[in-house]
Amino acid sequence: MEVKDVILEMRTKENMTQEKLAEKVFVTRQAVSRWESGETVPNTEALKLLSKLFNVSINTLLGSPRKLICQCCGMPLDDTSISKEPDGSFNEEYCKWCYSDGKFVYTKLNQLTDFLVEHTANEKWPAEQARAFYEEELPKLSYWSNK
């Protein structure tokens, strides 16, 4: 989906006129019209305001151009699982289970690995195999590679 389609869909879903949306993100109605026609795209500040207003990530507003994964645990991210900063803005790098209220839940790799093995291992994926997978893949994520 393109930016213009996402904004139009979000605005109409909220039963908002172009003028009302413009007021809420501090732009003109013409700017909203240009976004929805595809003539222009919102600037960074407008995207942040739209993200908060519609409670969706900037990635979603941009038509989901990149596949987001938590850079701590590797879980795929969507608007329901993306973490938020204390001010309510989305943090598109982490899931809400790894990063909450401005703090990281897991500070040690073995702590996260133990948790994941406990919750994902099953008959078809034994604990030893799960552990080997996580021990190889998790260090590749930016949160752990920067430690």
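Above this text you will find the structure in question.
Residues numbered from 1 in each chain as written. Predicted model: local features only at pLDDT ≥ 70, side-chain atom pairs only at ≥ 80, totals over all residues. Heavy atoms only, no water.

Caption draft 1: Summary view of the side chain of Arg-11. Relative to the assigned elements, Arg-11 resides in helix α1 (residues 3–13). Arg-11 sits in the buried class, given a relative accessible area of 10%. Polar side-chain contacts of Arg-11 include one of 2.5 Å to the side chain of Glu-36. If we skip the residues at most four places from it in the chain, Arg-11 touches Met-16, Thr-17, Gln-18, Leu-21, Val-32, Glu-36 and Phe-54. (Helix = DSSP H or I, 4+ residues; strand = E, 2+ residues; numbered from the N terminus. Buried < 20%, exposed > 50% of the residue type's maximum accessible area, 1.4 Å probe, protein only. Polar contact = N/O pair within 3.5 Å; in protein donor to acceptor, adjacent residues only side chain to side chain. Contact = heavy atoms within 4.5 Å.)

Caption draft 2: Local environment of unusual backbone geometry. Positive phi, normally seen in glycine, also occurs at Asn-55, with a value near 55°. With respect to the helices and strands, Asn-55 occurs in the loop between α4 (44–54) and α5 (58–61). The phi dihedral of Asp-101 is positive, around 55°, even though this residue is not glycine. Mapped onto the elements, Asp-101 comes out in the loop between β3 (99–100) and β4 (103–104).

Caption draft 3: Quick look at the environment of Lys-24. Looking at the secondary structure, you find Lys-24 in helix α2 (residues 18–24). Residue classification places Lys-24 among the partly exposed positions, given a relative accessible area of 39%. Ignoring sequence-local partners within four residues, the contact set of Lys-24 consists of Met-16 and Leu-53.

Caption draft 4: Quick peek at the state of the cysteines. Per the stated rule, a full pass over the model turns up zero disulfides. Distance from the sulfur of Cys-70, which forms no disulfide, to the nearest cysteine sulfur (Cys-73) is 3.8 Å. Judged by relative accessible area, Cys-70 falls into the buried class, the value being 0%. Here Cys-73 stays unpaired: no disulfide links it, and the sulfur of Cys-98, its closest cysteine neighbor, is 3.8 Å away. (Disulfide = S-S within 2.5 Å.)

Caption draft 5: Focus on the pattern of salt bridges. Under the defined criterion, the tally for this structure stands at six salt bridges. A salt bridge links Arg-11 to Glu-36, with the nearest nitrogen and oxygen atoms 2.5 Å apart. Highlighted residues: Arg-11 in helix α1 and Glu-36 in helix α3 (residues 29–37), separated in sequence by 25 residues. Here Asp-114 makes a salt bridge to Arg-131, at a shortest N to O gap of 3.0 Å. Taken together, the residues Asp-114 in helix α6 (residues 109–120) and Arg-131 in helix α7 (residues 127–137) connect sequence positions 17 residues apart. Classification of Asp-114 by relative accessible area gives partly exposed; the value is 39%. Overall, the relative accessible area of 29% leaves Arg-131 in the partly exposed class. (Salt bridge = Lys/Arg side-chain N within 4 Å of Asp/Glu carboxyl O.)

Don't take any of this as a statement about function, it's just geometry.
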